[in-house]
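Take a look at the letters that make up each chain.
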Amino acid sequence: MQARAIVVTSGKGGVGKTTTTANIGAALAMEGEKVAVIDVDVGLRNLDVVMGLEGRVVFDLIDVLEGRCKMRQALIRDKRVENLYLLPASQTKDKASLDPKIFRAVVKHLIEDENFDRVLIDSPAGIERGFQTAAAPAEGALVVVNPEVSSVRDADRIIGLLEASGVEENRLIVNRIRPKMVRRGDMLSVEDIGEILGLGLIGIVPEDEGILVSTNVGEPVVLRKEKTLAGEEFRNIARRIRGEKVPFPNLDEESGLWSSLRRLFGGGR
Amino acid sequence: MFWWRRKKSKDKAKERLQLVLAYDRAKLAPGQMEALKEDLLAVLARYFPADAKKVEIEFEQRGERVVLIADIPIRQ
């Protein structure tokens, strides 16, 4: 992706925006980029806990926007990986100052003056002002969707709003897919979702218990030693964002005579 | 699909999504479809008598495109 300022968004809440932001941010840093992840979910801040940096929050986004501190004072450096920084949201302060214009200037400052290669913006759920602000500085978006009717519907709305506000380089991440259910025909497939939303795919993240474990301990899966399916795919997404051609995971692990016969006759996948 | 295979729930999900998105994308508020129906009937009445109670107007997915279908029985 050419976009350096990327908003991670979904419309619907609870689909995995924050986890996606934390992991792709960390994975991009592991690839050598200087990355800032920004939490715009003022009042419901969570990116800090998902990343395990909650104990180090002193200043926040609102302090920066209102000029109470310098950008460098608010940025929390992640000590586990080189060149990864978090700008946390405010949990208690009034979000009136969360102005799209000012926020755009903040992100521009990070890229142009602080030499960040990539800024990932964790958008709040919904389509209100919080989302509008989060999307304002973005040149591209990662639209996170679960294989579920309500999530796909909301994603469609978000895609329309992104395009209307000039965010152009938009890619789809299908999160929490369960290969078994897809094969059984009880879950929308990645192809179905791509066809309905008409957006280029950049990631297919399987449902993975490792995610909850990593949130429990505050360590993004990509930074953990144990290999997880989700962690592998988040690292692959980072590489795809950087323009590498990385094949998508093959979720159709079922093999053998029976399934090839079924496929031959156009049965389930 | 084989006839003995039960209808997959994901096919149902896809159909429902395509329909609901057709309305979302057209930015039609609830009730506007009814208003459109009234307007159509008023115009049609100038040419031939339509059976108002049986008129059906809806969006339908046709491959890539969404089309507006109006099913208008003529009163005989």
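Reading guide: rules and limits
- Residues numbered from 1 in each chain as written.
- Chains lettered and ligands numbered in written order.
- Predicted model: local features only at pLDDT ≥ 70, side-chain atom pairs only at ≥ 80, totals over all residues.
- Helix = DSSP H or I, 4+ residues; strand = E, 2+ residues; numbered from the N terminus.
- Rg over C-alpha atoms; globule rule 2.2 N^0.38 Å.
- Buried ≥ 20, exposed ≤ 12 C-beta atoms within 10 Å, placed from the backbone.
- Contact = placed C-beta atoms within 7 Å.
- Pairing = 2+ DSSP bridges.
- Nonpolar A, V, L, I, M, F, W, Y, C, P; charged D, E, K, R; others polar.
- Core = buried A, V, L, I, M, F, W, Y, C linked by C-beta atoms within 7 Å.
- Axes fitted to C-alpha atoms, helices over the stretch in contact; angles between N-to-C directions.
- Left-handed = near helix turned anticlockwise from the far one by under 90°.
- Expected span 1.5 Å × (residues − 1).
- pLDDT = per-residue confidence, 0-100.

Looking only at helices and strands, chain B has two helices and two strands in total. In sequence order, the secondary structure elements of chain B are arranged as α-α-β-β. The C-alpha radius of gyration computed for chain B amounts to 16 Å, which surpasses the reference 11 Å derived for 76 residues by more than 25%, pointing to a less compact arrangement than a globule. Summarising its shape, the C-alpha atoms of chain B cover approximately 50 × 30 × 20 Å along the three principal directions. Per-residue burial for chain B yields a buried fraction of 4% across its 76 residues. For chain B, contacts bridging at least 24 residues in sequence account for 42% of all contacts bridging at least 6.

A word on the overall build of chain A. For chain A, the count of helices and strands is 12 helices and eight strands. In terms of overall dimensions, chain A has a C-alpha envelope of 65 × 40 × 30 Å along the principal axes. Per-residue burial for chain A yields a buried fraction of 48% across its 269 residues. At a minimum sequence separation of 6, the contacts of chain A that also span at least 24 residues come to 76%.

The subject of this paragraph is the environment of Ala135(A). All names here are of chain A. Among the structural elements, Ala135 can be located in helix α6 (residues 129-135). Through-space distance from the C-alpha of Ala135 to that of Val49 is 23 Å; in sequence the pair is 86 residues apart. Contact partners of Ala135, with chain neighbours within four places excluded, come to Val7, Thr9, Ser123, Leu162, Ser165 and Val167.

Residue and element names in this part refer to chain B. As judged from the seven bridges shared by strand β1 (residues 56-62) and strand β2 (residues 65-71), these two strands associate in the antiparallel manner. Across the sheet, Glu56 pairs through a bridge with Asp71, a residue of β2. Counting the residues between successive antiparallel strands, the hairpin from β1 to β2 contains two residues, one of them, Gly63, with a positive phi of roughly 60 degrees.

For the rest of this paragraph, the subject is the sheet that holds strand β5 (residues 118-122) of chain A. All names here are of chain A. Pairing is mixed across the open sheet formed by eight strands, whose spatial order is β3-β4-β2-β5-β1-β6-β7-β8. Among the strands making up the open sheet, the edge pair consists of β3 (76-77) and β8 (200-206). In the sheet, strand β2 (residues 35-39) pairs with strand β4 (residues 84-87) via four bridges, with the strands oriented parallel. Looking across to β4, one finds that Ala36 is bridged to Tyr85.

Below, the discussion takes up the interface of chain B and chain A. Across the boundary between the two partners, chain B contributes 12 residues, which contact 12 residues of chain A. Partitioning the side of chain B that touches chain A into residue classes produces five nonpolar, two polar and five charged.

Attention shifts here to the nonpolar core. All names here are of chain A. With 80 residues, the main nonpolar core has Ile121 and Val143 as its most contacted residues. Per-element tally for this core: the top contributor is helix α1 (residues 17-30), with six residues. Contacts of Ile121, omitting those with residues within four sequence positions, involve Ala5, Ile6, Val7, Val8, Ile38, Val40, Ala134 and Ala138.

Residues and elements named next belong to chain A. Contact geometry of α1 with helix α11 (residues 229-241) gives a least axis separation of 8 Å together with a crossing angle of 60 degrees. When the axes of α1 and α11 are compared, the crossing they make is right-handed. Listed contacts from α11 to Asn23, Ile24, Ala27 and Leu28 of α1 are Phe234, Arg235, Ile237, Ala238 and Ile241. Split by residue class, the contact of α1 with α11 holds seven nonpolar, one polar and one charged.

Next up on the list: helix α2 (residues 32-44) of chain B. The terminal C-alpha atoms of α2(B), which comprises 13 residues, lie 18 Å apart, in line with the 18 Å expected from a rise of 1.5 Å per residue. Across the 13 residues that make up α2(B), only a small minority, zero, are buried.

Residues and elements named next belong to chain A. Between its terminal C-alpha atoms α1 stretches 20 Å, which fits the 20 Å expected from 14 residues at 1.5 Å a residue. Across the 14 residues that make up α1, a large majority, 13, are buried. Looking one or two places after α1, you find Gly32, whose phi comes out positive at around 105 degrees.

Turning our eyes to something else, we now look at unusual backbone geometry. All names here are of chain A. Despite not being glycine, Asn83 has its phi angle at roughly 65 degrees, a positive value. The residue Asn83 is located in the loop between β3 and β4 in this model. With 19 C-beta atoms packed within 10 Å, Asn83 lands in the partly exposed category. Here Asn115, not a glycine, exhibits a phi torsion of approximately 60 degrees, which is positive. Here Asn115 shows up in the loop between α5 (100-112) and β5. Of the residues examined, Asn115 has 9 C-beta atoms within 10 Å and is grouped as exposed.

Residues and elements named next belong to chain B. For chain B, mean pLDDT is 82; residues scoring 70 or higher make up 92% of the total. Here β1 stands out as the element of chain B with the lowest mean pLDDT, 81, in contrast to helix α1 (residues 9-25), whose mean of 88 is the highest. Overall fold confidence for the complex sits at a pTM of 0.85, while the interface term, ipTM, reaches 0.76.

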